[in-house]
2 protein chains.
Amino acid sequence: MAQKVAREIALRVPASCRPKSAKDYEKSPITESIEEYTEGVYRLQEELDEVGTGDIAKYMSCTSASVTTMLKRMSDLGLVEHTPYQGVRLTEKGEALSISLLRKHRLLECLLVDFLQLPWDDVHDLACKLEHYISEEVADNISKALGSPVTCPHGNPIDATTPVTGRRLSDCVPGETVRISKITDERPEFLTYIKTIGLLPKTVVAVQSRTPFGDVLTVQIEESSESLPIGRDVAGSIWVYGEKYPEANRN
Amino acid sequence: MAQKVAREIALRVPASCRPKSAKDYEKSPITESIEEYTEGVYRLQEELDEVGTGDIAKYMSCTSASVTTMLKRMSDLGLVEHTPYQGVRLTEKGEALSISLLRKHRLLECLLVDFLQLPWDDVHDLACKLEHYISEEVADNISKALGSPVTCPHGNPIDATTPVTGRRLSDCVPGETVRISKITDERPEFLTYIKTIGLLPKTVVAVQSRTPFGDVLTVQIEESSESLPIGRDVAGSIWVYGEKYPEANRN
DNA sequence: CCAAAAATTTAGGCACAACTAAAAAATTGT
DNA sequence: ACAATTTTTTAGTTGTGCCTAAATTTTTGG
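Criteria and cut-off values
Residues numbered from 1 in each chain as written. Chains lettered and ligands numbered in written order. Predicted model: local features only at pLDDT ≥ 70, side-chain atom pairs only at ≥ 80, totals over all residues. Heavy atoms only, no water. Helix = DSSP H or I, 4+ residues; strand = E, 2+ residues; numbered from the N terminus. Buried < 20%, exposed > 50% of the residue type's maximum accessible area, 1.4 Å probe, protein only. Contact = heavy atoms within 4.5 Å. Areas by Shrake-Rupley, 256 points an atom, 1.4 Å probe, with all protein chains shown as cover. Lys, Arg positive; Asp, Glu negative; His and termini not counted. Charge placed at Lys NZ, Arg CZ, Asp CG, Glu CD. Salt bridge = Lys/Arg side-chain N within 4 Å of Asp/Glu carboxyl O. Polar contact = N/O pair within 3.5 Å; in protein donor to acceptor, adjacent residues only side chain to side chain. Nonpolar A, V, L, I, M, F, W, Y, C, P; charged D, E, K, R; others polar. Core = buried A, V, L, I, M, F, W, Y, C linked by side-chain atoms within 4.5 Å. Axes fitted to C-alpha atoms, helices over the stretch in contact; angles between N-to-C directions. Parallel < 35°, antiparallel > 145°, perpendicular 65-115°, else oblique. Phe/Tyr/Trp six-rings, centres within 6.5 Å; stacked < 30°, edge-to-face > 60°. Left-handed = near helix turned anticlockwise from the far one by under 90°. Least-squares fit on C-alpha atoms with pLDDT ≥ 70 in both. Domains from an automatic or database assignment. Buried area = accessible area lost by both parts, 1.4 Å probe. Pairing = 2+ DSSP bridges.

Looking now at the overall build of chain A. Scanning chain A from terminus to terminus reveals eight helices and eight strands. A buried classification covers 48% of the 251 residues belonging to chain A. Here the contacts in chain A between residues at least 6 apart in sequence split such that 63% fall between residues at least 24 apart. In the form shown here, chain A has an accessible surface area of approximately 12,300 Å², with 52% of it arising from carbon and sulfur atoms. In chain A, the 29 positive side-chain charges and the 38 negative ones have mean positions that sit 6 Å from each other.

Below, the structure written as structure tokens:
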């Protein structure tokens, strides 16, 4: 009663939440998609010597044709150098953007796991989305609130410029005892799998055997023994610390 | 060194982060924009008796033409009932969506202010964006982690179905002493302003005077005295608890 | 009550970013 | 070395959601 009257009202959606019009793209042409592509190229560059249109298409789950169009835009924005029919390489600007996004991504994962108690194998997707919307300042505050963590819950460095140390579990030889450092493949199904077998960061495992043609690695975790395929998507995305070549295996 | 070799790689962007194609919209046609519009209609319905295309256009800072197109889509999705040239009304489905979004929004604001220590007058915009990306489960976890707060930092109920109590500061009369309950206008500039004069939720203020034509209200906050325009966008969006008509003012 | 003003809708167009299909370039195999 | 295959690019289409301009409906005022 006498509550709803006036016509003029100040309620407004924040400009940042308003759907974009053609004009808005002129002002800030770096869209969420462009960011996602840029970060994708960074991640792929960490795994591959050269990144091609097809690699990005696989990463983004889209057609090569779509990638070509995007690469044109990214190139115009100075994020990548693209030589048609050759490959892509991030520019300094593109690299800086990726590093910033990875920092936000990994700090968000820390927040989601450490403070909000969300499942370790589940937070990657959400962080992937949220990373585009938080500012450096918000990231700073997350870091402060959590006591300045240095890695995400999967062991990856919050500061992506940290030099790579350790090596892949797939490069280990029988007889070695190593400690899991990080998991670079963060697909939920994969993380759920390695969680159930107990391959979490900081776990110590002993490499037991490796099949003749080098396809399967057997590792001992705690009391049990597990077999893993060697390849980019399993033992290759699990990184470890530990002695490189134990005496027993020197020729 | 033997680090980058393989071609086949498992790295994939999560489906939820991939830019949408035409096909994707068929599967989940409720876009972020649709959500933002729906929530907007809810907010406007709380302030106005009837909500028209123009009201929404002001709220979204876009043209009425754009609103008409969106209302068509929202109507097709069963979120609103729209009678052309008349007005809009949320359906139960639209209301449920709004209530869910408001809960996420306000819990996010709690997280941003209480845990991440972000400025009180600054978190609304960010929460407005993030609310579209978190699930009910994430919202539940935020609530748990923060000890089940019942209002956002601006005093608005996390459960939007909470019956409205209290009244507007603009409806108070000289002589009353009231306690600020909530601020419904969350534009940063406005919040910054009322923060500097100390009009935060839970503050007790005394209404001192009101100009003859009812345009300006003078209130005493702590030691100082402030004048506020009466209208939807200032004293009208500040809600208070307190005795309705103090004895002194009964005719 | 009818004309002027205001609000709303229709019509036509644009940018983003996906898609398919077809053309062009690069790589591979004999 | 040249034909076949693979990879990449070009061309043309779709859907979202904005815009402007014009047409329509509703409201307001003489």
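Of the residues lining the interface, 62 residues belong to chain A; the matching set on chain B comes to 62 residues. Where chain A packs against chain B, one counts zero salt bridges. Viewed at the interface, chain B and chain A are joined by 13 residue pairs in polar contact (both at pLDDT 80 or more). When residues in the side of chain A that touches chain B are grouped by element, the largest group, nine residues, is from helix α2 (residues 32-47) of chain A. Taken together, the residues of the side of chain A that touches chain B sort by class into 31 nonpolar, nine polar and 22 charged.

The next point concerns the nonpolar core. Ranked by size, the top nonpolar core spans 38 residues in total, and within it I142 of chain A together with I142 of chain B carry the most contacts. Contributions of two or more residues to this core are made by α5 (92-115), α6 (123-130) and α7 (136-145) of chain A together with α5 (92-115), α6 (123-130) and α7 (136-145) of chain B.

All names here are of chain A. It is at 11 Å that the axes of α2 and helix α4 (residues 64-76) come closest, and there the two elements cross at 95°. The angle between α2 and α4 falls in the class roughly perpendicular. Of α4, the residues touching α2 (which contributes S33, I34, Y37, T38 and V41) are S66, V67, M70, R73 and M74.

Next up on the list: the packing of aromatic side chains. For the structure on display, the rule yields two aromatic pairs over all chains. With a centroid separation of 3.6 Å and an interplanar angle of 5°, the aromatic rings of F115 of chain A and F115 of chain B are classed as stacked. Here F115 of chain A is found in helix α5, whereas its partner F115 of chain B is found in helix α5 on a different chain. The residues F115 of chain A and F115 of chain B share a single accessibility class, namely buried. Residues Y133 of chain A and Y133 of chain B carry aromatic rings whose centres are separated by 5.3 Å and whose planes lie at 5° to one another, so their mutual orientation is stacked. Taken together, the residues span two chains, with Y133 of chain A in the loop between α6 and α7 and Y133 of chain B in the loop between α6 and α7.

What follows covers the packing of helix α2 (residues 32-47) of chain B against helix α3 (residues 53-60) of chain B. Residues and elements named next belong to chain B. Where α2 meets α3, the axes come as close as 10 Å, and the angle between the chain directions of the two elements is 115°. It follows that α2 is roughly perpendicular to α3 by the angle criterion. Both α2 and α3 take part in a crossing whose hand is right-handed. Two secondary-structure elements touch here, α2 through E36, Y37, G40, V41, R43 and L44 and α3 through D55, I56, Y59 and M60. Classifying every residue of the contact of α2 with α3 gives six nonpolar, one polar and three charged.

This part covers the relation of the copies chain A and chain B. Rotating chain A by 180° and translating it 0.0 Å along the rotation axis places it on chain B, where the RMSD comes to 0.0 Å. Put plainly, the chains are arranged around a two-fold axis. Closest to the rotation axis within chain A is the C-alpha of L130 of chain A, separated from it by 3.4 Å. Comparing contact sets, 100% of the residues at the interface of chain A also lie at the interface in chain B, consistent with an isologous, same-surface contact.

A few words now on the domain arrangement of chain A. All names here are of chain A. Structurally, chain A comprises domain 1 (27-90), domain 2 (101-145) and domain 3 (167-249). In this complex, domain 2 contributes six residues to the contact, which on the side of domain 3 involves nine residues. Taking both partners together, domain 2 and domain 3 bury about 670 Å²; carbon and sulfur atoms supply 59% of that area. Among the residues domain 2 hides against domain 3, the three largest losses belong to W120, D121 and H124. Together they make up 82% of the total.

For the rest of this paragraph, the subject is the sheet that holds strand β8 (residues 238-242) of chain A. Residues and elements named next belong to chain A. With antiparallel pairing, six strands are arranged side by side in an open sheet as β3-β8-β4-β5-β6-β7. Among the strands making up the open sheet, the edge pair consists of β3 (167-168) and β7 (224-229). Where β3 and β8 come together, two bridges link them in antiparallel fashion. The residue bridging R167 from the neighbouring strand is V240, located in β8. Most of the contacts of helix α8 (residues 188-196) go to strand β4 (residues 177-183), to which it runs at about 155°, and overall it touches β4, β7 and β8.

Every other side chain in a regular strand lies on the same face of the sheet, so the side chains alternate between the two faces. Residues and elements named next belong to chain B. Relative to strand β7 (residues 224-229), strand β6 (residues 216-221) is paired through six bridges, and the arrangement is antiparallel. If you follow V216 over to β7, its bridge partner there is P229. Between β6 and β7, which pair antiparallel in sequence order, lie two residues; one of them, E222, sits at a positive phi of approximately 55°.

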